[in-house]
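# Chain and residue survey
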There are 2 protein chains.
Amino acid sequence: MKKIINDPARFVDDTIEGILLAHPDWLSPAGNNRSLIRKSGVPKGQVGIATGGGSGHLPVFLGYVGEGLAHGVAVGNAFASPSARQMLAVTRGVNAGAGVLHLFGNYQGDSLHFEMAAEMAESDGIRVVAVKASDDIASAPPAEWQSRRGVAGIFFAYKLAGARAAEGADLDAVAETAHYAVANTRTLGVALDACTLPEIGHPNFSFADDEMEIGMGIHGEPGLERRTLMRAEDLAATLVDRILADLPFANGDEVAVLVNGLGSTPVEELYILYRSVAPLLAERGIAVHRTYIGEYATSLDMVGASVSVLKLDADSRRLLDAPARSPFFQQSGAGR
Amino acid sequence: MKKIINDPARFVDDTIEGILLAHPDWLSPAGNNRSLIRKSGVPKGQVGIATGGGSGHLPVFLGYVGEGLAHGVAVGNAFASPSARQMLAVTRGVNAGAGVLHLFGNYQGDSLHFEMAAEMAESDGIRVVAVKASDDIASAPPAEWQSRRGVAGIFFAYKLAGARAAEGADLDAVAETAHYAVANTRTLGVALDACTLPEIGHPNFSFADDEMEIGMGIHGEPGLERRTLMRAEDLAATLVDRILADLPFANGDEVAVLVNGLGSTPVEELYILYRSVAPLLAERGIAVHRTYIGEYATSLDMVGASVSVLKLDADSRRLLDAPARSPFFQQSGAGR
């Protein structure tokens, strides 16, 4: 294991301590460092957005707390759900009187704990609505899209719902926006090599030297198929074909595209992938309004990438274009 | 070699094509895709900043063309200098009547070609001043700092000189700012594993499983010493001790700190490193004004990190805090 760490068991706590030292104006611990709230708080009467999940996926989840994004985050161990107690602390911390959206990826532990936290918060008189990202098309058939795993596409849910909350919309409207984002985002990824959990110390599965896996999950969950390493052009076609067929996206649609690196893949390769994604969308009459290329949801040092496509309408386009800011993601309003 | 690429020989051109497709409002080719100018141009009478160098280091160099940053870039093959002709095209493209700053890393090929380009530009009547980044303290003794290699610290030179140019300063003032940045920045890195050039197909040198190299250059140039893998805390102490002694930095100084990932190191580990850098600076009475943590200058898929420290004065603090924007780097004026 070649990592810049101290004790493997301190991986998450050391990371958070470093983040709090590096960005002192950004986050406040709500009781402890595993429940973090935006220091600028939630303006009175604004809907709070609470998120959370396992560590090892930066910028997911913590990096999407910011202006025009989420307001608080519960931080679990590497690849493990935070507790209901942590989520409750975050829920209380981001409630400014207008209720709280729980926005997280669709995994069993996270779902269970957020549900428990919501019940406890409701008994405090805090209204909570939950929306789960479930964009990974490799994990269930299209008709069962709501049972799929959440992966990089959750970025679009943060961006849209965060902008809607910042506009002052009520909880139902913010939840509706988050639901729009997750219902209209499709993601498919590819892994070229496995990642190593610090406390385990060796890769969690193995690949042959010429092998890749289409659809592997961000915790190494099984994907759709193992294949011989493909050219970027062929890989793009495989990913785009499946993504477009899934929603389905159609001629005349306008979309945003996210090409995400899983941790150890250089950004040059993400652009090489996008180079082939762009003409495939153009051929089908799908217009790209905005692109995001980089590390938006990682899996420690996994080698690989994913492509996410969000279908836009007038509302979601406005919300996507709104400014947003955290130490992990910045977007000014103008330009692309 | 596990990369998302097409033909290895097309690595750079495919990357650039992807970048131009992903960010259509950003860059214009000056003749061809290897000489790129900011689409918004250089306002008449403003100093133009031209940069360039080998590929494989994104966001260096191309990613630092933007608002409040550089104005044009010559793009070489992987780890290879662009030609004088490309640099001349960029120099012409960014000249708005007030002359051009050549800002690049101190490597032999780049220096030679930028010098030839400057001579040709001068014979066109374009005044050119060159400033070279030479921040890598592993590459020569302190007294010979101007002969050192340029690495991640060039980011500070782009940031400060770009802000100064945007303020409307003349060429001598912009060059003075760039010189301030390079003279007051010190960087030291560590490599944990080698990178693979696409056209070569295997790592360019080898590491034992428990080995790291302090001071290795971003093209794999030899560093100061091979060591057994260290804990992040000990590594931070080694890097910070050498960096602070080199300028030297002193009690009462105010600085900016960049913790840079070399390509395949997860950002979590960069924060774990910073967690130990911060108290070491505080102990010596050095105040941190602003931090930058992430991938600012990579080396394809090299595993490792570097720490850069810039000593600030009133002018450089103002310039560092100014807004800047490119698809690879965004900073709004406010907050940290």
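The residue numbering used here restarts from 1 in each chain and proceeds along that chain's sequence as written. Chain letters start at A and ligand numbers start at 1, both assigned in the order the entries are written. In view of the model being predicted, local features appear only for residues whose pLDDT reaches at least 70, and side-chain atom pairs are presented and counted only at 80 or more, with totals across whole chains, interfaces and linings using the full set of residues.

Residue and element names in this part refer to chain B. Between any two strands, at least two bridges found by DSSP are needed for them to pair. A helix here means a DSSP run of H or I that spans at least four residues, while a strand means a run of E at least two residues long, and both kinds are numbered starting from the N terminus. Read from one edge to the other, the open sheet built from six strands follows the order 9-8-7-12-10-11, with strand pairing classed as mixed. Each of the sheet's edge strands pairs with one partner strand only, and the pair in question is strand 9 (225–228) and strand 11 (287–294). For this sheet, the mean angle separating the axes of adjacent strands, direction not counted, is 20°. Along the sheet face, helix 7 (residues 267–283) touches strand 10 (254–261), strand 11 and strand 12 (303–311) and points at about 165° away from the line of strand 11. Axis definition: a line fitted to C-alpha atoms, limited for helices to the stretch in contact. Angles are taken between N-to-C directions and run from 0 to 180 degrees. Note that contacts rest on C-beta atoms placed from the backbone: two residues are in contact if these are within 7 Å.

It is worth spelling out unusual backbone geometry at this point. Between A:V60 and A:F61 the backbone carries a cis peptide bond, its omega angle lying at 5°. Within the element layout of this structure, A:F61 appears in the loop between strand 3 (48–55) and strand 4 (72–78). In this structure, the amide linkage connecting B:L58 to the following residue, B:P59, adopts the cis form with an omega of 10°. One non-glycine residue, A:F79, lies in the positive phi region at around 60°. According to the C-beta neighbour criterion, A:F79 is buried, with 22 such atoms within 10 Å. Exposure classification rests on a simple neighbour count of other C-beta atoms within 10 Å of a residue's own: a residue reaching 20 or more is buried, one at 12 or fewer is exposed, and one in between is partly exposed. C-beta atoms are placed from the backbone.

Okay, the packing of helix 2 (residues 84–94) of chain B against helix 3 (residues 108–123) of chain B next. Residue and element names in this part refer to chain B. Between helix 2 and helix 3, the least distance of the axes is 8 Å, while the angle of their chain directions is 50°. Taken together, the axes of helix 2 and helix 3 are oblique relative to one another. Handedness of the crossing formed by helix 2 with helix 3: right-handed. Residue-level inspection shows A84, M87, L88, T91 and R92 of helix 2 in contact with helix 3, the latter providing H113, F114, M116, A117, M120 and A121. Note on angle classes: values under 35 degrees are labelled roughly parallel, values over 145 roughly antiparallel, values of 65 to 115 roughly perpendicular, and the remainder oblique. Crossings are assigned a handedness: left-handed for a near helix turned anticlockwise from the far helix by less than a right angle, right-handed for a clockwise turn.

This brings us to the interface of chain B and chain A. On the chain A side, the residues contacting the 49 residues of chain B number 48 residues. Elements with a contribution of two residues or more to the side of chain B that touches chain A: helix 1 (11–22), strand 7 (185–193), helix 6 (232–246), helix 7, strand 11 and strand 12 of chain B. Element by element, the count of residues in the side of chain B that touches chain A is highest for helix 7 of chain B, at nine residues. Here the side of chain B that touches chain A is built from residues that sort into 22 nonpolar, 13 polar and 14 charged. Note on residue classes: Ala, Val, Leu, Ile, Met, Phe, Trp, Tyr, Cys and Pro are nonpolar, Asp, Glu, Lys and Arg are charged, and everything else, Gly too, is polar.

Before going further, it helps to examine the domain arrangement of chain A. Residue and element names in this part refer to chain A. Partitioning chain A into domains gives domain 1 (11–182) and domain 2 (185–331). Taken together, the contact between domain 1 and domain 2 spans 39 residues of the former and 40 residues of the latter. Residue assignment for the side of domain 1 that touches domain 2 shows that the elements contributing at least two residues are helix 4 (154–166) and helix 5 (171–183). Take the side of domain 1 that touches domain 2: its biggest share by element is eight residues, from helix 4. Among the residues forming the side of domain 1 that touches domain 2, the class breakdown is 23 nonpolar, 10 polar and six charged. Start and end positions for the domains come from either an automated domain assignment or a database one.

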